[in-house]
Amino acid sequence: GTVTSVLFFHGQPCRLYRRHLPTRGLTRFFKDHKACGFSDPKDHHVVTAIEYQEVILACKYPKKTVSSRLEWKKLGRGISFVYYQQALQGAFKDRAELIDFSIRIKNVTRNDAGKYRCEISAPSEQGQNLAEDTVTLEVLVAPAVPSCEVPSSALSGTTVELRCQDKEGNPAPEYTWFKDGIRLSGNPRLDAQSTNSSYTMNVKSGSLQFNAVSKLDSGEYSCEARNSVGHRKCPGKRMQVDDLNISGIIAAVVVVAIVISLCGLGVCYAQRKGYFSSK
């Protein structure tokens, strides 16, 4: 309903609200109710659950009576009903159950994460007693297989960056790189697999950067994403580091110079023979 005013009754905060009473026709009637005993909406608790396991969203209320009326809502950009008119609604209909005023979700998904509010109303001598309780549900998700970017080839002495990323894990995972199945410690001096090499590993972003890659860095690289729920590893990919072929570059330059010279001589010869017009 729409809150129209707030008052205090015997020291307890009360509210007057209008409840919409739909009829069969187009006319709607409004009935005023007095509601006492609202709980502070800021007083809420956080519940943590692992995806695909079960969780209980508890609604703290002292006692249950036959005339008590219960509603559960999920809050967000809009408000969607979870429990309404004595029945579970929407996606919770087939995988949840009501226990007193609490809801047990049997198979939690990441889409269930968010803020929930239970609202209980019961008649009393002072009017309609209302109580609210807010619960925040956090769903922990294990990482998926991370996407790994490993170049197949590189030239020694150049800067090379390997990337690893997972978009599923919650909380955000940390990353570890492996070379030929052996874990890189993050300190190049302690890694026998990376002698004479210098690299920087960022466990938060999943980056492995070689400042000046060498032939000793050739090998198969894989990355693991890990958080408090689980861990997954990407398949290994080989990176081959080769030295710069100076002799090959010189030979290529010589060949190009010879070709350009021959083309120039051919043009001069054709011009002398009169193959080109005066224009």
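The rules behind the values
Residues numbered from 1 in each chain as written. Predicted model: local features only at pLDDT ≥ 70, side-chain atom pairs only at ≥ 80, totals over all residues. Heavy atoms only, no water. UniProt positions renumbered as here; feature names shortened; annotations may be inferred. Pairing = 2+ DSSP bridges. Helix = DSSP H or I, 4+ residues; strand = E, 2+ residues; numbered from the N terminus. Axes fitted to C-alpha atoms, helices over the stretch in contact; angles between N-to-C directions. Phe/Tyr/Trp six-rings, centres within 6.5 Å; stacked < 30°, edge-to-face > 60°. Buried < 20%, exposed > 50% of the residue type's maximum accessible area, 1.4 Å probe, protein only. Lys NZ or Arg CZ within 6 Å of the ring centre and 35° of its normal. Polar contact = N/O pair within 3.5 Å; in protein donor to acceptor, adjacent residues only side chain to side chain. Contact = heavy atoms within 4.5 Å. Salt bridge = Lys/Arg side-chain N within 4 Å of Asp/Glu carboxyl O. Disulfide = S-S within 2.5 Å.

The chain has the name Junctional adhesion molecule B in an unreviewed UniProt entry, where Sus scrofa is given as its organism. The UniProt entry for the chain carries the following text under Sequence similarities (unreviewed entry): "Belongs to the immunoglobulin superfamily."

Participant: Please set out the sheet that holds strand 9 (residues 102-105) residue by residue, giving values where relevant.
Facilitator: In spatial order, the strands read 5-9-8; together these three strands make up an open sheet with antiparallel pairing. Whereas interior strands pair on both sides, the edge strands pair on one side only; in this sheet they are strand 5 (55-57) and strand 8 (96-99). Going across the sheet, the axis of each strand differs from the next one's by a mean of 25°, ignoring polarity. Bridge analysis of strand 8 against strand 9 gives four bridges, and the strand direction is antiparallel. Across the sheet, residue Ala96 finds its bridge partner in strand 9, namely Ile105.

Participant: Quick one: what's the story with the packing of aromatic side chains, residue by residue and with numbers?
Facilitator: Using the criterion set out here, one finds four aromatic pairs in the structure. A ring pair is formed by Phe81 and Tyr84, whose centres lie 4.3 Å apart and whose planes are at 35°; its orientation type is tilted. Seen from their ring centres, Phe92 and Tyr116 are 6.3 Å apart, and the 85° between their planes marks the pair as edge-to-face. Here Phe92 is found in the loop between strand 7 (80-83) and strand 8, whereas its partner Tyr116 is found in strand 10 (residues 114-124), with 24 residues between them in sequence. Residue class for Tyr116 comes out buried when judged on its relative accessible area of 0%. A cation over an aromatic ring shows up here: Arg95 above the ring of Phe92, its NZ or CZ 5.2 Å from the ring centre. In this arrangement the basic side chain of Lys233 is found over the ring face of Phe178, its NZ or CZ atom lying 3.9 Å from the centre.

Participant: Pulling in residues and values, what's your account of the side chain of Glu119?
Facilitator: In this structure, Glu119 sits in strand 10. According to the relative accessible area criterion, Glu119 is buried, its value standing at 18%. Polar contacts involving the side chain of Glu119 include one to the side chain of Lys73, which spans 3.3 Å. Within the structure, Glu119 has its side chain in polar contact with the side chain of Arg117 (distance 2.8 Å). Not counting residues within four places of it along the chain, the set of residues in contact with Glu119 comprises Arg69, Leu70, Glu71, Lys73, Ala131 and Glu132.

Participant: Break down the sheet that holds strand 17 (residues 199-202) for me, citing the residues and quoting the values.
Facilitator: Strand order across the open sheet formed by four strands is 12-14-18-17, with antiparallel pairing between neighbours. A strand with exactly one partner marks an edge of an open sheet, and here the two such strands are strand 12 (147-149) and strand 17. On average, adjacent strands in this sheet sit at an angle of 5° to one another, irrespective of strand direction.

Participant: Tell me what's going on with the pattern of salt bridges, and back it up with residues and numbers.
Facilitator: Enumeration according to the criterion identifies 13 salt bridges in this entry. Between Glu51 and Arg110 there is a salt bridge, with the nearest N and O atoms lying 2.9 Å from each other. Placement of the pair is Glu51 in the loop between strand 4 (44-50) and strand 5 and Arg110 in the loop between strand 9 and strand 10, with a sequence separation of 59 residues. Given the relative accessible area of 10%, Glu51 is considered buried. What you see here is one network of salt bridges that share partners, running through Arg69, Glu71, Lys73, Arg117 and Glu119.

Participant: Now, about the state of the cysteines: what can you tell me, with residues and values included?
Facilitator: A complete count under the given rule lists three disulfides for this structure. Each disulfide pairs two cysteine sulfurs, and for Cys148 the partner residue is Cys234, the sulfurs being separated by 2.0 Å. What sets the handedness of the Cys148 and Cys234 disulfide is the S-S torsion sign, and at about -105° it is left-handed. One end of the pair, Cys148, is in strand 12; the other, Cys234, is in the loop between strand 20 (231-233) and strand 21 (237-242), and 86 residues separate them in sequence. Accessibility expressed as a relative area gives 8% for Cys148, which makes it buried. Looking at Cys234, the relative accessible area reads 6%, which means it is buried.

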